[in-house]
Amino acid sequence: MISITFRRLCVIILMEFGYMGYTQTIINTENMMSALDDKFSYHMNIRGDMNFGNIDLIQFSTAQQISKSLDKNLLRLIFNYDYIEQNGIQISSDFTGQLRYNYRLGQHSIFAFVQGQNIKSLRMNHRYITGGGYRHRVFQKEDNYWDLSLGLFFEDELYDANLNTVQQVNNWRYSVSTFIKYGFSEKFSGNLSLYWQINTSYTRDYRVFLEPRLYYSIQKFDVFIDWTFRFHSTPYIDVLRQDSTVNLGIEFELF
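Fair warning: this is a prediction, and the values are worked out from it, not measured in the lab. (Residues numbered from 1 in each chain as written. Predicted model: local features only at pLDDT ≥ 70, side-chain atom pairs only at ≥ 80, totals over all residues. Heavy atoms only, no water.)

Caption draft 1: Structural context of the overall build of the chain. The helix and strand inventory of the chain stands at one helix and 12 strands. Of all intrachain contacts in the chain linking residues separated by at least 6 positions in sequence, the fraction that spans at least 24 positions is 53%. For the chain, the computed accessible surface area is about 13,900 Å², with 63% contributed by carbon and sulfur atoms. (Helix = DSSP H or I, 4+ residues; strand = E, 2+ residues; numbered from the N terminus. Contact = heavy atoms within 4.5 Å. Areas by Shrake-Rupley, 256 points an atom, 1.4 Å probe, with all protein chains shown as cover.)

Caption draft 2: Structural view of the confidence of the model for the chain. Of all residues in the chain, 84% attain a pLDDT of 70 or more, and the chain-wide mean is 83. Low pLDDT, under 50, characterises residues 1–23; the predicted model gives this stretch 44 contacts beyond four residues in sequence or across chains. (pLDDT = per-residue confidence, 0-100.)

Caption draft 3: Main features of the pattern of salt bridges. Per the stated rule, a full pass over the model turns up 11 salt bridges. With a closest N to O distance of 3.1 Å, glutamate 155 and arginine 207 form a salt bridge. Here the residue glutamate 155 occupies a position in strand 7 (residues 144–159), and arginine 207 occupies one in strand 10 (residues 206–218), the gap between them amounting to 52 residues. Like arginine 207, glutamate 155 is buried. Within this structure, Arg127, Glu155, Glu157, Arg173, Asp205 and Arg207 form a network of salt bridges that share partners. (Salt bridge = Lys/Arg side-chain N within 4 Å of Asp/Glu carboxyl O. Buried < 20%, exposed > 50% of the residue type's maximum accessible area, 1.4 Å probe, protein only.)

Caption draft 4: Focus on the pairing of strand 11 (residues 221–232). By the bridge criterion, 10 bridges tie strand 10 to strand 11 in an arrangement that is antiparallel. Looking at strand 11, one finds that arginine 213 is bridged to aspartate 226. Here strand 10 folds back onto strand 11, and the loop between the two strands holds two residues, one of which, glutamine 219, carries a positive phi near 55°. (Pairing = 2+ DSSP bridges.)

Caption draft 5: Focus on the environment of glutamine 107. Relative to the helices and strands, glutamine 107 is located in the loop between strand 4 (89–105) and strand 5 (108–119). Separated by 30 residues in sequence, glutamine 107 and arginine 137 have C-alpha atoms that sit 6.1 Å apart. Among all residues touching glutamine 107, those that are not within four sequence positions of it are Arg137 and Gln140. A distance of 3.0 Å separates polar atoms of two side chains, one belonging to glutamine 107 and the other to glutamine 140. (Polar contact = N/O pair within 3.5 Å; in protein donor to acceptor, adjacent residues only side chain to side chain.)

Okay, here's the thing in structure tokens:
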């Protein structure tokens, strides 16, 4: 009886934190930045959960990165996929792909990127963005650092394409972000990412993304836990302005 109750409680916790995590549009590309100094690398993290019985729940997500570094140039291809199904009903089947280029200026860099994604839970058929900016290293000591970034990008969003409420949104946005990485010990480390994206023509329309993450290294892979908070001040359709999620997973480098 205790084990059944505990199992149901775990399912409820996963529902509360997991389902809400994909209903806003900012993604974090910072968490697999450890490959910056490698000539060529492939990183992956995976998370998943399956429950059958009183509640049938399948939840899976993966983030993958291929990076190539040559002299002052860094090219990264990032792909994220999230899938959630409850009682045979697909709730989420969302992907994000981003191609990102950085040119190093000492410890600083300039960057440009293109990105495409869909978010079923937001009824978003697509979001295409392209832009660039400048990243400044404020502080560095060994592997610990603090960066600030300023940028500008254009976004094309399409909602409810198969309904009468179809809505197309095109905006230019300023992007202000900061990134912190700190090693507490040889095996225990953490990072924090904060994004603030502001509509250039209507500043009351802004998006915020906050994600602190903790890592514990075990031989050739890392176990991590993070908390993600997303907020959109003026949603374009009838969805909540904010959501959050707690994730537990593993991350490893294949080569």
